[in-house]
There are 2 protein chains.
Amino acid sequence: MNKPAREHHYVENVQEQLKLVQHLLEEQILAATVTHRQELPRDERHELLDKMLHKRHLAKLREKLDELHSADIAYILESLPIEQRLMLWDLVKADRDGDILIEVSDSVRESLIASMSREELREAAEQLDTDEIADLAPDLPQNVMRDVFKSLSIEEREQLRSAMSYQEDSVGALMDFNMMHVREDVTLEVVSRYLRRFDELPDHTDQVFVVDRDDRFKGVLPINLIVVNAPETVVGKLMLTDTIRLNPDDKAEQAAQSFERYDLVSAPVVDEDGKLVGRVTVNVVLDFIRAESESDLLNQAGLREEEDIFASVWKSAQNRWSWLALNLCTAFFASRVIGEFENTIQQFVALATLMPIVAGIAGNSANQTTTIIIRSLALGQISQNNARRLMLKELAISGLNGVVWGGIAGLFAFFLYHSIPLGLVMTSAIVLNLTVGAIVGLFIPLIMQKLGRDPAIGSSVMITAITDSGGFFIFLGLATIFLIH
Amino acid sequence: MNKPAREHHYVENVQEQLKLVQHLLEEQILAATVTHRQELPRDERHELLDKMLHKRHLAKLREKLDELHSADIAYILESLPIEQRLMLWDLVKADRDGDILIEVSDSVRESLIASMSREELREAAEQLDTDEIADLAPDLPQNVMRDVFKSLSIEEREQLRSAMSYQEDSVGALMDFNMMHVREDVTLEVVSRYLRRFDELPDHTDQVFVVDRDDRFKGVLPINLIVVNAPETVVGKLMLTDTIRLNPDDKAEQAAQSFERYDLVSAPVVDEDGKLVGRVTVNVVLDFIRAESESDLLNQAGLREEEDIFASVWKSAQNRWSWLALNLCTAFFASRVIGEFENTIQQFVALATLMPIVAGIAGNSANQTTTIIIRSLALGQISQNNARRLMLKELAISGLNGVVWGGIAGLFAFFLYHSIPLGLVMTSAIVLNLTVGAIVGLFIPLIMQKLGRDPAIGSSVMITAITDSGGFFIFLGLATIFLIH
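Cut-offs applied
- Residues numbered from 1 in each chain as written.
- Chains lettered and ligands numbered in written order.
- Predicted model: local features only at pLDDT ≥ 70, side-chain atom pairs only at ≥ 80, totals over all residues.
- Heavy atoms only, no water.
- Helix = DSSP H or I, 4+ residues; strand = E, 2+ residues; numbered from the N terminus.
- Rg over C-alpha atoms; globule rule 2.2 N^0.38 Å.
- Buried < 20%, exposed > 50% of the residue type's maximum accessible area, 1.4 Å probe, protein only.
- Contact = heavy atoms within 4.5 Å.
- Areas by Shrake-Rupley, 256 points an atom, 1.4 Å probe, with all protein chains shown as cover.
- Buried area = accessible area lost by both parts, 1.4 Å probe.
- Salt bridge = Lys/Arg side-chain N within 4 Å of Asp/Glu carboxyl O.
- Polar contact = N/O pair within 3.5 Å; in protein donor to acceptor, adjacent residues only side chain to side chain.
- Nonpolar A, V, L, I, M, F, W, Y, C, P; charged D, E, K, R; others polar.
- Core = buried A, V, L, I, M, F, W, Y, C linked by side-chain atoms within 4.5 Å.
- Pairing = 2+ DSSP bridges.
- pLDDT = per-residue confidence, 0-100.
- Least-squares fit on C-alpha atoms with pLDDT ≥ 70 in both.
- Right-handed = clockwise from strand over helix to strand, strands pointing away.
- Phe/Tyr/Trp six-rings, centres within 6.5 Å; stacked < 30°, edge-to-face > 60°.
- Axes fitted to C-alpha atoms, helices over the stretch in contact; angles between N-to-C directions.
- Parallel < 35°, antiparallel > 145°, perpendicular 65-115°, else oblique.
- Left-handed = near helix turned anticlockwise from the far one by under 90°.
- Patch = residues over 30% accessible without salt bridge, like charges linked within 9 Å, V, L, I, M, F, W, Y side chains within 5 Å.
- Lys, Arg positive; Asp, Glu negative; His and termini not counted.
- Charge placed at Lys NZ, Arg CZ, Asp CG, Glu CD.

Asker: Quick rundown of the overall build of chain A? Include the residues and the values.
Answerer: Scanning chain A from terminus to terminus reveals 24 helices and 5 strands. Taking 2.2 N^0.38 as the reference for a compact globule, 485 residues should give roughly 23 Å; the C-alpha atoms of chain A span a radius of gyration of 30 Å, well beyond that estimate. In terms of principal-axis extent, the alpha carbons of chain A reach across some 95 × 65 × 40 Å. In chain A, which comprises 485 residues, the share counted as buried stands at 56%. Contacts in chain A between residues at least 24 apart in sequence constitute 67% of all its contacts with a sequence separation of at least 6. When the accessible surface of chain A is summed, it comes to about 20900 Å², and 54% of that surface belongs to carbon and sulfur atoms.

Pasting the structure below:
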């Protein structure tokens, strides 16, 4: 009977498991004593742990870890402070190291790899499929990679070379090589017999791929069709030929959109010559979409990469610095714009209290425009045909906003300082600055896209810089002309 | 032979299809004449279209639409301006209306439904599965829903009622009812015969569910195991019992995380009594994750909902207003804080030029902190144990940032105005305001989480309000004490 040996439990609530593990760890351990012994080999660290950890707890922890799925252990490792994390990592059975390293986030992987010896790393890598080794490769020391490479078969070396040759955001980088292929002239019975030779089909095998003698892709045969059709049916009659084919050099995002639109579970990757080179599965696409969405959110706040929440202060600060430096520069520039109007402010101090309003509202409105444009660009909804139309629409919205919010702000200024001219300057400045905001909010992402850059990165700094400096300039400039005698 | 009739082509590049359709539409049509006739019944509009559209082009368009997958037509509809969109919608075969309505975004669905008669809507809804009707229900007029309900079987009515009873972000809302179930005492051969009675298995059937006489969930039988095992094997021996079970009232996000962690294709939904009530499939999870990530990005810019890029100016403005109003209020408040220091500014105008720097850098830094905290909260990585540790870390980073960037800003102030006290006030104000930023950046999301609200919504407005007003207060306050004599 071919029943897969599934040793690890699925858990509904991984947070609870985390609490349990943390409790077991904290119960007994003087954390500091271990971290300072990172230079020790694993065996000695184990001994040390053994001594410190109450035997009963140690057994419980080991048992718990054996039960848990690799993805859950990865989650728990990510959620533990660095000392506890390394301690737990030492307790994980060595034969699961590879799987878990694949699951953890980049920053946490770094901390785990740093604690492992060359030998341990080689063993971990050798447990993995070639496409997974390729994912791990950038983080592994060169000598480890050399060892791993030597241990592979010729076919696997070829796969590894190919997997490592693709760009990070390409279909090739998402691809694995666990596909089943059959010929079109055999019957379902032959296919079934062939499949039965495997104890277990690779994950996400919802279809087998039909290829010819030269490995050229002919079509797909969904497993479900094998089940619902008579065994004597010939593959060629059943196979679907009008099916999506991904190219290894396509953008990964494009593949993700295909999976979403067509509700795919797996898709063949076919090269320029029509040869089947691999497959992409939905679980990898899911991870890709999640990672993309997270990096969008992080980038918006100017975080270069995912931050290990337990990283050192120094490392975290570095992750955040380039953004703060950039913002400081634009703030200096805005400050010099205000500096040009010191005389005006001296004569009419109310201006200093009101100017942040002009800058702020336009910045917010421009960022709304940009968010919508970036989204439409990502979906490919913006063409030359409708760009003009969108511009008119955004200008109209900014005009409407200007009248409404500029009007309210003008009244605010009038009631505070009892000056009708000041109120009018306030309203006009907001209307003008909202217009500036609409234009830059629309064109900056469009231009960045044209230049082949990701419009989601950096657009908002530039836009805020322009609406800030522009707002100060417009407001103080108008005030100089109309209020100062 | 059970081969599914798949009429619609998969396309690698849907943008190209959009261009083609748009080209065909634009070639011939005076768009305005049709939009103003929305009140006409569909038949008459068809006639009108027929007259206007060159016959040859009409045929081409219809052919194109028949070929395209519903998801691709949905995409094209979303990317067309409103007149062209409604024109194309009229050309779509009525029997595909339902599928396409399910695929389009909420705002576009509204515009399509508004153009349909009660009769058309009823027909469209009746093409759908009950879980899909539930998705459509909020957008359908009440009388249409009544008609649809009447046309359903008793079992389907029960399903529809159940599907509509779950909260929008619960597992129940993601669930469908297309699951196959078998008993544990039958052989694989019986299962195969049962499955063969269907022309085609429901999408994403990677496993059949094993239930007892009372529909209580016992385990799952992966289709792959049916293929690789001998026909005489009994289901009970093969079925996997340690498998994830979702509860219909669970948060959808929790289910999504299970799919990601365990690389699932489908999962059973089991109610409190252990009864199998439905299943969730990975394609729905994929859409959910994408939608969540988009709404996160939109919310960050204060957009309440996904905006149809061709929506009217008035509608778009409304979508953006509550955010702008909120920001204007906080700006008014900050303005009054500055107003308290008018005397100080009058005596030392340089302060007006420098104060935006103090506010800005702390706002940026605080938003970085919040972004990381919100992410860690979503992953459940923050516990009482490590909250103190995180606070110390964020305070340390803000201190480091204060010394570095505050120092640079202090030098900037000194070189511009040749006043050492001014430079020192600048540096101290930035250090203090960064500390304020770190504290609010950490605690506001934590408090919102405690209150049961989504920390991703609204955190950043509050934080910016505090770092702005706080920055002005600290900087001008210190200046009043140390610079004004």
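Asker: Describe in detail the interface of chain A and chain B, supporting the description with residues and values.
Answerer: Contacts between chain A and chain B engage 142 residues on the former and 141 residues on the latter. Where chain A abuts chain B, roughly 12900 Å² becomes buried across the two surfaces, and 60% of that area is made up of carbon and sulfur atoms. The interface formed by chain A and chain B contains 12 salt bridges. Residues Glu294(B) and Arg375(A) are paired through a salt bridge, measuring 2.9 Å at the closest nitrogen-oxygen approach. At the boundary of chain A and chain B, one finds 48 residue pairs in polar contact (both at pLDDT 80 or more). In terms of residue class, the side of chain A that touches chain B is made up of 72 nonpolar, 40 polar and 30 charged.

Asker: How would you sum up the environment of Gln84(B)? Please name residues and give values.
Answerer: All names here are of chain B. By secondary structure assignment, the location of Gln84 is in helix 6 (residues 82-91). A sequence separation of 59 residues divides Gln84 from Leu25, and the C-alpha atoms of the two residues are 7.0 Å apart. Excluding its chain neighbours within four sequence positions, the residues that come into contact with Gln84 are Gln22, Leu25 and Glu26.

Asker: Account for the nonpolar core, naming residues and giving values.
Answerer: By size, the foremost hydrophobic cluster in this structure holds 134 residues, and its most contacted members are Leu88(A), Phe259(A), Leu88(B), Leu246(B) and Phe259(B). Apart from the residues lying within four places of it in its own chain, the contact partners of Phe259(A) are Leu246(A), Leu264(A), Val265(A), Ser266(A), Ala267(A), Val280(A), Thr281(A), Val282(A), Val285(A) and Leu286(B). One finds Ala334(A), Ile430(A), Leu324(B) and Ile474(B) within the second-largest nonpolar core, a separate group that totals 86 residues.

Asker: Break down the pattern of salt bridges for me, with residues and values.
Answerer: Counted by the stated rule, this structure contains 40 salt bridges over all chains. A salt bridge links Asp176(A) to Arg279(A), with the shortest nitrogen-to-oxygen separation between them at 3.0 Å. Taken together, the residues span a long stretch of sequence, with Asp176(A) in the loop between helix 13 (171-174) and strand 1 (181-182) and Arg279(A) in strand 5 (residues 276-281) at a distance of 103 residues. Exposure class is identical for Asp176(A) and Arg279(A). Each is buried. Among the salt bridges present, the one from Asp106(B) reaches Arg109(B), with a minimum N-O distance of 3.6 Å. Taken as a pair, Asp106(B) and Arg109(B) lie in helix 8 (residues 106-114) at a separation of 3 residues, close to a single helical turn. By relative accessible area, Arg109(B) is classed as buried at 6%.

Asker: An account of the side chain of Glu83(B) is requested, with residue identities and associated values reported.
Answerer: Within the fold, Glu83(B) resides in helix 6. A distance of 3.1 Å separates a polar atom in the side chain of Glu83(B) from a polar atom in the side chain of Arg389(A).

Asker: Tell me about the sheet that holds strand 2 (residues 207-211) of chain A, and please be specific about residues and values.
Answerer: All names here are of chain A. Judged by pairing direction, the sheet is mixed, and its 3 strands sit side by side in the order 1-2-3 without closing on themselves. At either end of the open sheet lies a strand with only one pairing partner, and these are strand 1 and strand 3 (217-222). Relative to strand 3, strand 2 runs antiparallel, the two being bridged by 5 bridges. By the bridge assignment for strand 3, Val211 is matched with Phe217.

Asker: Now, about the confidence of the model for chain A: what can you tell me, with residues and values included?
Answerer: All names here are of chain A. With 92% of its residues at a pLDDT of 70 or more, chain A has an overall mean of 87. Ranking the elements of chain A by mean pLDDT puts helix 2 (residues 31-35) last with 41 and helix 23 (residues 420-450) first with 95. Below a pLDDT of 50 lies the segment residues 30-40, which in the model reaches 13 contacts outside its immediate sequence neighbourhood of four places, other chains included. Listed scores for the predicted complex are pTM 0.86 and ipTM 0.85.

Asker: Summarise the sheet that holds strand 3 (residues 217-222) of chain B; cite the residues concerned and give the values.
Answerer: Spatially, the 3 strands line up as an open sheet ordered 1-2-3 (chain B), and their pairing is mixed. Each edge of the sheet is formed by a strand with only one pairing partner; in this case those strands are strand 1 (181-182) and strand 3 of chain B.

Asker: So what's going on with the relation of the copies chain A and chain B? Which residues, and what values?
Answerer: With an axial shift of 0.0 Å and an RMSD of 0.1 Å, the rotation relating chain A to chain B amounts to 180 degrees. Those values place the two copies in the arrangement expected of a two-fold rotation axis. A high fraction, 99%, of the interface residues of chain A reappear at the interface in chain B, so the copies pair face to face through one surface.

Asker: How would you explain the pairing of strand 2 (residues 207-211) of chain B if you had to name every residue and give the values?
Answerer: Residue and element names in this part refer to chain B. The buried fraction of strand 2 is high, at 5 of 5 residues. Taken together, the 2 bridges between strand 1 and strand 2 define a ladder with parallel strand orientation. Of the residues in strand 2, the one forming a bridge with Val182 is Val210. Handedness of the crossover joining strand 1 and strand 2 through helix 14 (residues 188-196) is recorded here as right-handed. Between strand 2 and strand 3, which pair antiparallel in sequence order, lie 5 residues; one of them, Asp215, sits at a positive phi of approximately 65 degrees.

Asker: An account of unusual backbone geometry is requested, with residue identities and associated values reported.
Answerer: All names here are of chain A. In this structure, His418 takes a positive phi of about 50 degrees despite not being glycine. With respect to the element layout, His418 can be found in the loop between helix 22 (384-417) and helix 23. When its relative accessible area of 64% is taken as the criterion, His418 is described as exposed.

Asker: Go over helix 5 (residues 70-78) of chain A with me, naming the residues and quoting the values.
Answerer: The element helix 5 of chain A is extensively covered by neighbouring structure, given that 9 of its 9 residues are classed as buried. Taken together, the buried positions of helix 5 of chain A are Ser70(A), Ala71(A), Asp72(A), Ile73(A), Ala74(A), Tyr75(A), Ile76(A), Leu77(A) and Glu78(A).

Asker: Describe the packing of aromatic side chains, listing the residues and the values that go with them.
Answerer: Note on aromatic pairs: each is described by the distance of the centres and the angle between the planes. Overall, the coordinates contain 14 aromatic pairs over all chains when judged by the stated rule. Taken together, a centroid distance of 5.8 Å and an interplanar angle of 85 degrees make the contact between Trp405(A) and Trp321(B) edge-to-face. Here Trp321(B) lies in helix 19 (residues 313-339) and Trp405(A) lies in helix 22, a pairing that spans two chains. Taking relative accessible area as the criterion, Trp405(A) reaches 10% and is therefore assigned buried. Aromatic rings pair up to connect Trp314(A), Trp321(A) and Trp405(B) into one cluster.

Asker: Any details on the packing of helix 23 of chain A against helix 24 (residues 459-482) of chain A? Residues and values, ideally.
Answerer: Residue and element names in this part refer to chain A. Axis separation between helix 23 and helix 24 bottoms out at 9 Å; the angle between their running directions is 155 degrees. Comparing their axes, helix 24 and helix 23 come out roughly antiparallel. In terms of crossing hand, the pair formed by helix 23 and helix 24 is right-handed. Classifying every residue of the contact of helix 23 with helix 24 gives 17 nonpolar, 8 polar and no charged.

Asker: Outline a negative patch on the surface, listing residues and values.
Answerer: Residue and element names in this part refer to chain A. A contiguous patch of negative charge, built from Asp95, Asp99, Glu103, Asp129, Glu155, Glu156 and Asp287, is present on the exposed surface. Among the secondary structure elements, those contributing two or more residues to the negative patch are helix 7 (97-103) and helix 12 (154-165). Locating Glu155 in the fold gives a position in helix 12. Look at Glu155 and you get exposed, because its relative accessible area is 58%.

Asker: Can you tell me about the packing of helix 9 (residues 118-126) of chain A against helix 11 (residues 142-151) of chain A, naming the residues and giving the values?
Answerer: All names here are of chain A. Between helix 9 and helix 11, whose axes approach to 9 Å, the crossing angle comes to 45 degrees. In terms of their interaxial angle, helix 9 and helix 11 are classed as oblique. Where helix 9 crosses over helix 11, the two elements pack in a sense that is right-handed. Where helix 9 abuts helix 11, its residues Arg118, Leu121, Arg122, Ala125 and Glu126 lie against Asn143, Val144, Asp147, Val148 and Ser151. Class assignment for the residues of the contact of helix 9 with helix 11 results in 4 nonpolar, 2 polar and 4 charged.

Asker: An account of the side chain of Ser459(A) is needed here, citing residue identities and associated values.
Answerer: All names here are of chain A. The topology assignment puts Ser459 in helix 24. Judged by relative accessible area, Ser459 falls into the buried class, the value being 1%. Discounting chain neighbours no more than four positions away, the residues touching Ser459 are Thr370, Ile374, Ile444, Pro445 and Met448.

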